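Letter by letter, the chains look like this.
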Amino acid sequence: MNVKDLKKDIPFKWRVQSVNKNGASCVAYIDARDVQDLLDEVCGQNSWQVKYSEHKGNLFCAIGIDNGSEYIWKEDCGTESNVEKEKGEASDAFKRAAVMWGVGRFLYSKPIIKLDVIEKNSKFFPSFNGKQLYGDKITDACNYKLKNK
């Protein structure tokens, strides 16, 4: 096992971080299941662990990796998401703890992608070529803009 392999690029998507009349700002992110798959691949399914704890009202996740004689632990806290607050907070804490091991650090070199917006009922939504975007279509549009800068 070489923990340096945890720093390799893994699949990522794009999500809208903020949206207003001037555009939608999108950031790259990874899915917690992809992080788990990478930990399994690099460390082995039985050589890493996860623990959650609460400190002063904040949810922390610690990821421990077996170095052959003991587990080495690294941790970070998460923040609630707009959807499924507790689940989102646990997932965010897990992914942030994984960053401490190098997982997903490549995302910090990705630019923020700006998409156009359309207005419907006084609300703004990301768009591309005049069509409203959602889900994987946001990722598709951001990847297109990234490749065609």
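The structure we're discussing is the one just above.
Everything numeric here is computed off the predicted structure, so don't read it as measured data.

J.: I keep staring at helix α1 (residues 32-43) and nothing clicks. Help me out?
T.: In an α-helix, one full turn covers 3.6 residues, which means residues spaced three or four apart are oriented alike. Here α1 is 12 residues long and its end C-alpha atoms lie 16 Å apart, about the 16 Å a rise of 1.5 Å per residue gives. Taken together, the buried positions of α1 are Ala 32, Val 35, Leu 38, Leu 39, Val 42 and Cys 43. Around the axis of α1, the buried residues are gathered within 115° of arc, so they sit on the same side. Turned more than 90 degrees off the buried face of α1, the exposed positions are Arg 33 and Glu 41. Among the residues of α1, the N-terminal cap falls to Asp 31, whose side-chain oxygen and the backbone nitrogen of Arg 33 are separated by 2.8 Å. Where α1 terminates, the next one or two residues include Gly 44, which has phi positive at roughly 95°.

J.: What should I look at first to understand the nonpolar core in this one?
T.: As a rule of thumb, nonpolar side chains are buried together in soluble globular proteins. In terms of nonpolar packing, the biggest core is built from 32 residues, with Leu 6, Leu 39, Ile 63, Ile 65, Phe 94, Val 103 and Leu 115 touching the most fellow members. No other element matches the six residues that α1 contributes to this core. Each residue touching Val 103, except ones within four places of it in the same chain, is listed here: Leu 6, Ile 10, Ile 30, Val 35, Leu 38 and Ala 98.

J.: Please clarify how the sheet that holds strand β7 (residues 123-128) should be interpreted in this entry.
T.: Sheet strands line up and pair through hydrogen bonds in the backbone, either parallel or antiparallel. Taken in spatial order, the five strands make up an open sheet running β1-β2-β6-β7-β8, and their pairing is antiparallel. Bordering the open sheet on either side are β1 (13-20) and β8 (131-132), each of which pairs with just one other strand.

J.: Even after reading the chapter, I still don't get the packing of aromatic side chains, so can you show me in this structure?
T.: Aromatic ring pairs are reported here in terms of the distance separating the ring centres and the angle at which the planes meet. The full count for this structure, using the stated rule, is five aromatic pairs. Note on Trp 48 and Phe 94: the rings are 6.3 Å apart at their centroids and 35° apart in plane angle, and the pair reads as tilted. Of this pair, Trp 48 sits in strand β3 (residues 48-55) while Phe 94 sits in helix α2 (residues 85-100), and the two are 46 residues apart along the sequence. Residues Tyr 71 and Trp 73 carry aromatic rings whose centres are separated by 6.1 Å and whose planes lie at 35° to one another, so their mutual orientation is tilted. Note on Tyr 71: relative accessible area 24%, which makes it partly exposed. Here a set of aromatic residues connected by ring pairs shows up, and it is made of Phe 12, Trp 14 and Phe 106. If you follow Lys 51 out to its NZ or CZ, it ends over the ring of Trp 73, 4.1 Å from the centre. Sitting above the plane of the Trp 101 ring, Lys 74 keeps its charged end 4.5 Å from the centroid.

Reading the values: the criteria
Residues numbered from 1 in each chain as written. Predicted model: local features only at pLDDT ≥ 70, side-chain atom pairs only at ≥ 80, totals over all residues. Heavy atoms only, no water. Helix = DSSP H or I, 4+ residues; strand = E, 2+ residues; numbered from the N terminus. Expected span 1.5 Å × (residues − 1). Buried < 20%, exposed > 50% of the residue type's maximum accessible area, 1.4 Å probe, protein only. Arc of directions from axis to C-beta. Polar contact = N/O pair within 3.5 Å; in protein donor to acceptor, adjacent residues only side chain to side chain. Core = buried A, V, L, I, M, F, W, Y, C linked by side-chain atoms within 4.5 Å. Contact = heavy atoms within 4.5 Å. Pairing = 2+ DSSP bridges. Phe/Tyr/Trp six-rings, centres within 6.5 Å; stacked < 30°, edge-to-face > 60°. Lys NZ or Arg CZ within 6 Å of the ring centre and 35° of its normal.

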